[in-house]
Amino acid sequence: MLRLLVVGDLHANLSAIQQIVRAAATAPSDMTPDAVILTGDFAAHDARLPAAVASRIQRGVVRATESLWCGLQVPILCVPGNHDRPDLWGVGGCLQSIDTLGGRQPAMVKGYRVIGVGGSWRFGGLPYEWEDSEGFEKALEDRWPASDDVPEVLLFHAPPAEAGVDRVVSGECVGSRALRNIALRRRPRLVICGHIHEGIGPGVLGGEIPVFNAGLAGVPLIPPFMLRQRNTEKPRRLRVPGSFFSMHMIEESESQYDVVAMCNLGRGWIRQHLVFESRRGWRVE
Ligand SMILES: [Zn+2]
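As a starting point, this report considers the structure included with it. (Residues numbered from 1 in each chain as written. Predicted model: local features only at pLDDT ≥ 70, side-chain atom pairs only at ≥ 80, totals over all residues.)

## Comments concerning the packing of helix α1 (residues 14–25) against helix α2 (residues 51–69)
- Running from N to C, α1 and α2 point in directions that differ by 10°, and their axes come no closer than 9 Å. Compared by their axis directions, α1 and α2 come out roughly parallel. In contact with L14, I17, Q18 and V21 of α1, α2 contributes A64, T65, L68 and W69.
- Across the contact of α1 with α2, the residue classes tally to six nonpolar, two polar and no charged. (Axes fitted to C-alpha atoms, helices over the stretch in contact; angles between N-to-C directions. Helix = DSSP H or I, 4+ residues; strand = E, 2+ residues; numbered from the N terminus. Parallel < 35°, antiparallel > 145°, perpendicular 65-115°, else oblique. Contact = placed C-beta atoms within 7 Å. Nonpolar A, V, L, I, M, F, W, Y, C, P; charged D, E, K, R; others polar.)

Here's what the structure looks like:
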C-alpha cells in the first residue's frame with residue numbers, strides 16, 4: 001500500500017504551508033504518508049519585475065518554503081512549476097526535485113517509481129515553459145528509464161489533456177497532449193498534477209488511469225471561486241470566499257484508490273472521501 005500527501009500550487013502562500021504542515025504533523029498515525037508530493041508553482045512569479053528583483057524574491061521563497069516543509073520527517077518529492085526556476089527548487093534542501101526534464105532522477109517510494117515532469121506549456125514570460133509538441137514528447141521519453149514491471153506514479157506540474165482536470169474558467173480545456181500521450185504509453189498506476197487551479201479534483205486518463213489534480217493549495221481566492229466536484233450524480237457547487245487551503249491524502253491499494261480531500265476554508269478542515277475503482281471510475285463516499 002502506498003500513501004501520499006499531495007499538495008498543489010502553493011504560490012508563495014507561507015500561511016497555507018504552515019497550516020498544511022501542522023495538519024499533516026498532527027494527523028493520526030494511520031494517516032502518516034510514505035511521502036509528500038508537491039506539484040510545483042511554489043513561487044508567484046511577476047514577469048513585470050526586473051529579473052534581479054524577481055530572482056531575489058524567488059530565492060527568499062525557496063528558503064522560507066524549505067524551512068516550513070523540513071519539519072515533516074518523510075521524503076518530500078517535487079517538480080518545479082512554470083512559476084518556479086528549475087535550478088532553485090528541490091536541490092540541496094529537504095525538498096527533492098524529481099523533474100526528469102530538468103535532468104533529475106525518478107524516486108522510489110515503497111516499491112513505486114515516481115517520475116516527474118516540471119514546467120508547463122508556454123504562457124509567455126514565466127520561468128519554466130516548454131512547447132507542447134511531438135519533439136518535446138520525444139525528448140521527455142528519451143530521458144525516462146525504460147519501462148519494466150515496477151509500478152509507477154507520474155507527477156506532472158501541468159495536467160494531461162482529456163483527463164477531465166484541465167478546464168479553465170472560460171470553459172476551454174488546456175491540458176498537454178504530449179503529457180497525455182506519454183502517460184498513455186507508460187500506463188502508470190496514478191497521475192498527479194496541478195497547475196490548472198480550476199481543474200482541482202479527480203479525473204481519468206484513457207478510461208482507466210486515475211488522475212488527480214491537487215489544484216490550488218495556496219491561492220487566496222478573490223473573487224469567490226467555484227470548486228466543482230465532478231463525477232458525482234448531482235454536481236455540488238461550493239462558493240469559497242477568501243482564503244482556501246487544501247491537501248489530499250491518496251492511498252493506493254490493489255485496484256482501489258482512496259482520496260481524503262481536506263479543505264480549510266478558514267474555519268477548520270472539511271473532509272471529503274473519494275474512491276477510484278478500475279472500470280468504475282471515481283465516486284464520492
Ligand atoms: Zn502552474
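The rest of the description comes next.
## Digging into α2
- Compared with an ideal rise of 1.5 Å per residue, which puts 19 residues at 27 Å, α2 spans 27 Å between its outermost C-alpha atoms and is within 8% of the ideal.
- All buried positions along α2 are accounted for by Q58, V61, V62, T65 and W69. Down the axis of α2, the smallest arc covering the buried residues is 110°, so these residues share one side. More than 90 degrees from the buried face of α2, the exposed residues found are A52, V53, R56, G60 and R63.
- The inward-facing, buried residues of α2 contact α1, β3 (76–78) and β4 (95–97). (Expected span 1.5 Å × (residues − 1). Buried ≥ 20, exposed ≤ 12 C-beta atoms within 10 Å, placed from the backbone. Arc of directions from axis to C-beta.)

## Focus: the packing of helix α3 (residues 134–143) against helix α4 (residues 177–186)
- Interhelical geometry of α3 versus α4 gives an angle of 40° and a closest axis separation of 9 Å. In terms of orientation, α3 lies oblique with respect to α4. Regarding α3 and α4, the two cross each other, and that crossing is right-handed. Where α3 abuts α4, its residues F136, E137, L140 and E141 lie against A178, N181 and I182.
- Of the residues in the contact of α3 with α4, the class split is four nonpolar, one polar and two charged. (Left-handed = near helix turned anticlockwise from the far one by under 90°.)

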